[in-house]
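Coordinate analysis (summary)
Here are the chains, one letter per residue:
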Amino acid sequence: MDRTGLGAGHWEVLFETQDESEWRAHLRHLRAGPERIDWAMTRVDTLCGRLVQPTAYRLSLFVPDLACDLRRDPSDH
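Just so you know, these numbers come straight off a predicted model, no measurement behind them.

1. Concerning the side chain of Thr-42
Residue placement: Thr-42 occurs in strand E2 (residues 42-47). Using a relative accessible area of 15% as the deciding quantity, one classes Thr-42 as buried. Those residues in contact with Thr-42 that sit more than four places away from it in its chain are Trp-11, Ile-37, Leu-59, Ser-60 and Leu-61.

2. Some points on the sheet that holds strand E3 (residues 56-64)
Sheet architecture is open: 3 strands sit in the order E1-E3-E2, paired in antiparallel fashion. For this open sheet the edge positions go to strand E1 (9-17) and E2, each flanked by a neighbour on one side alone. Neighbouring strand axes in the sheet, compared pairwise and without regard to direction, differ in orientation by 30 degrees on average. Bridge analysis of E1 against E3 gives 8 bridges, and the strand direction is antiparallel. Bridging across to E3, Phe-15 finds its partner in Leu-59. Across the face of the sheet, helix H1 (residues 20-32) comes into contact with E1, E2 and E3 while running at roughly 35 degrees to E3.

3. Regarding the pattern of salt bridges
Tallied over the entire structure, the rule returns 3 salt bridges. The residue Glu-20 makes a salt bridge to Arg-24 at a minimum N-O spacing of 2.8 Å. Pair noted here: Glu-20 and Arg-24 are both in helix H1, with a separation of 4 residues, about one helical turn. Classification of Glu-20 by relative accessible area gives partly exposed; the value is 36%. Residue classification places Arg-24 among the partly exposed positions, given a relative accessible area of 46%.

What counts as what
Residues numbered from 1 in each chain as written. Predicted model: local features only at pLDDT ≥ 70, side-chain atom pairs only at ≥ 80, totals over all residues. Heavy atoms only, no water. Helix = DSSP H or I, 4+ residues; strand = E, 2+ residues; numbered from the N terminus. Buried < 20%, exposed > 50% of the residue type's maximum accessible area, 1.4 Å probe, protein only. Contact = heavy atoms within 4.5 Å. Pairing = 2+ DSSP bridges. Axes fitted to C-alpha atoms, helices over the stretch in contact; angles between N-to-C directions. Salt bridge = Lys/Arg side-chain N within 4 Å of Asp/Glu carboxyl O.

What follows is the structure in structure tokens.
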């Protein structure tokens, strides 16, 4: 298991913007939409750019490594 406690896998960026109003609108759209997201498997990053770069907002989803899951012993659950 990795440090996230989610097992082997990687974080896939679903959405990223430097516009805070666009960020908030996108999150509202995801929460209200018909497609449900497992929020326990998401990560929200706010990358503060300060004076050099603007702040960026990023939503990522954890994608498990299927090859690792197939090798795992089912009795480990």
